[in-house]
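Listed below are the residues making up each chain.
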Amino acid sequence: MKAFRAIFRLEFLALVRSRALLLLTLAAVGWMFAFPHLVTSDGTADGARELYVHYALGGAFALVLVSLAATAAGSLAKDRAAKRLQLTQVRPVRYSVLVLARALALVAAGALVLALAAAVLVLRSEPGRTCYHVLAPVMESPRAEAEKMFDFYMKDPETPDEVKKAPKATVLRLLTQRAWDNYQTVAAGETVAWAFNAPDVADGARAVRLRFTNDFDTRADVRGSFRFGAWTGVVSNITRAVVIVPLEKAGDDAGAGAPGELTFSNQGANALMLRPRRDINLLYTSGTSGFAVNVLFAWLELVAMLAVVVAFALFLSAALGRSVAIFTTMAMLLVTEMSPSVIEQYPDSLETDAKDRIGLEITRFMEKVTSPFGSLAPLEHLANGECVEPGEAARALAVDGVLLPLLLALAAGVVLPRKQDGL
């Protein structure tokens, strides 16, 4: 442990003495202050906050991530090539300990910069603003629904022959995607209900959120009323893509709905179409929904993402040359951002071309492997006024911040002595 602390101290002080940490801090914090003067929002407080979170804090995170990932990717490879790797060890220690200490020093530096950027976000935003916990309807999983629909779909005479001849895994994947986008039609005058596993919160606000955004960016004219237990809300003549309907507690419990059931009565002249899995959420606040606390949980998730990227870059640095390791790290970050779009927009849904099928399988594998640090979910939550759940932050810290970096450090500890000895 003493050697670990000594290596950590040396690496962190190296960042300070080289002024890399100072420059990174000035660039990230300066961007947080400069961004509002460079971009004009739509004039609303929500729009300004969404832009600020996405592009100011998101830009600061991208700057920290790319800078420290490149530093990590060149770290071990540079020392190995110069035959001075042993000089960085204050005493004989395991190579995995050396990698872990370097990773922790880089992550600590990045966490400090991100903490300052997050503090600017809190000060320039609304510290007293509460966030919403988001609940989705209780429904069968899309995969389970797809498996139930498979036999019926394949026996349907209207199903194209090319689909019937496709591999079962491909058809199930298509049916799973369709399950996410299954529409429910609510006719004029009709009342529908969705079940929610909502906690019994005595205090706090409740609301219903409707989303009508899709590939075609359509909107719907909504007229009707919601009821959740003794809470009610009315929506009328709204044509925005995202609608939040506040719920207020009725004066008495007369007409209260079933516990955990959200009902909607369509009082408009036209039918309403929505996708329950995507388009409807129940929102509620609690005593721990403050903005500063929410930013703290988001910061923890961002630090966890940074940790796994830095550990991966150090692993590449242990196994490859400096330039190759840096290039591979940057390519991995690029693939991480591109993979979801490639998978979603690829036109050949049945994958009939062998080359395209192989490419898609590789892309899906990369998307699955990089998903722990490829998603910027905490920024999405902050921008939309949603709560970053403590359980979500704890999972990110445990898996992305501890488990994966530890495994990568152990792997680097196995590779590094072999490369050091020229094997």
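First, a word on what this report is: a plain description of the structure on this page. Please read these numbers as outputs of a predicted model, since none were measured by experiment. (Residues numbered from 1 in each chain as written. Predicted model: local features only at pLDDT ≥ 70, side-chain atom pairs only at ≥ 80, totals over all residues. Heavy atoms only, no water.)

Taking 1.5 Å per residue as the helical rise, helix α5 (residues 142-155) with its 14 residues ought to reach 20 Å, and the 20 Å between its terminal C-alpha atoms agrees with that figure. Turning to α5, its buried residues number three or more, namely P142, E145, A146, F150, Y153 and M154. In this structure, the buried side of α5 is in contact with α6 (161-164), α7 (168-180) and α8 (276-279). (Helix = DSSP H or I, 4+ residues; strand = E, 2+ residues; numbered from the N terminus. Expected span 1.5 Å × (residues − 1). Buried < 20%, exposed > 50% of the residue type's maximum accessible area, 1.4 Å probe, protein only. Contact = heavy atoms within 4.5 Å.)

Next up on the list: the packing of α5 against α7. In the contact formed by α5 and α7, the axes pass within 8 Å of each other and the chain directions differ by 120°. Our classification of the angle between α5 and α7 gives oblique. Classified by chirality, the crossing of α7 by α5 is right-handed. Contact residues: α5 offers P142, R143, E145, A146, E147, M149, F150, Y153 and M154, while α7 offers K168, V171, L172, R173, L175, T176, R178, A179 and W180. Its residues placed into classes, the contact of α5 with α7 shows eleven nonpolar, one polar and six charged. (Axes fitted to C-alpha atoms, helices over the stretch in contact; angles between N-to-C directions. Parallel < 35°, antiparallel > 145°, perpendicular 65-115°, else oblique. Left-handed = near helix turned anticlockwise from the far one by under 90°. Nonpolar A, V, L, I, M, F, W, Y, C, P; charged D, E, K, R; others polar.)

Time to look at empty space enclosed by the protein. Taken as a whole, this structure holds two cavities of 30 Å³ or more when the rule is applied. Its boundaries defined by the atoms lining it, the largest cavity holds a volume of some 50 Å³. Around the largest cavity sit ten residues that line it, and R129, C131, F291, N294 and G385 are the ones nearest its centre. (1 Å grid on protein atoms, 1.4 Å probe; cavity = no way out; pocket = protein on both sides within 12 Å on 5 of 7 lines; lining within 4 Å. Points joined across faces, edges and corners; volume = space filled by probe spheres on them.)

Let us now look at the nonpolar core. Residues M32, L121, V310 and L382 are the most contacted members of the largest nonpolar core, which totals 66 residues. For this core, the secondary-structure elements that each account for two or more residues are α1 (2-17), α2 (20-38), α3 (45-81), α4 (95-124), α9 (291-319), α10 (322-345), α12 (377-383) and α13 (390-420). Residues contacting V310, with those up to four places away along its chain left out, are L68, A72, A103, L106 and V107. Formed by 23 residues, the second largest nonpolar core is a distinct cluster that contains L210, F212, V222 and L262. (Core = buried A, V, L, I, M, F, W, Y, C linked by side-chain atoms within 4.5 Å.)

The element strand β4 (residues 206-211) is largely enclosed, with a buried count of five among its six residues. Pairing of β4 with strand β10 (residues 280-284), which is carried by five bridges, proceeds in the antiparallel orientation. When the sheet's bridge partners are listed, A207 is paired in β10 with L283. (Pairing = 2+ DSSP bridges.)

For the pair α1 and α4, interaxial distance at closest approach is 8 Å and the crossing angle is 40°. Considering their axes alone, α1 and α4 lie oblique with respect to each other. The element α1 and its partner α4 pack so that their crossing is right-handed. Contact residues: F4, I7, F8, E11, F12 and L15 in α1; V97, L98, L100, A101, R102, L104, A105, L106, A108 and A109 in α4. When the residues that make up the contact of α1 with α4 are grouped by side-chain class, the tally is 14 nonpolar, no polar and two charged.

Take α7 next. Look at α7: 19 Å from first C-alpha to last across 13 residues, which is about the 18 Å you get at 1.5 Å a residue. Here α7 has its buried residues at T170, V171, L172, R173, L175, T176 and A179.

Attention now goes to the packing of aromatic side chains. Going through the model one piece at a time under the given rule, you end up with five aromatic pairs. Where W31 meets F35, the ring centres are 5.5 Å apart and the plane angle is 65°; that geometry is what we call edge-to-face. Residue W31 and its partner F35 are located together in helix α2, separated by four residues, close to a single helical turn. Taking 4.7 Å as the distance between ring centres and 35° as the angle between the ring planes, the aromatic pair formed by F226 and F264 counts as tilted. Here F226 is found in strand β5 (residues 222-228), whereas its partner F264 is found in strand β8 (residues 261-266), with 38 residues between them in sequence. For F226, a relative accessible area of 3% puts it in the buried group. The class of F264 is buried, set by a relative accessible area of 1%. (Phe/Tyr/Trp six-rings, centres within 6.5 Å; stacked < 30°, edge-to-face > 60°.)

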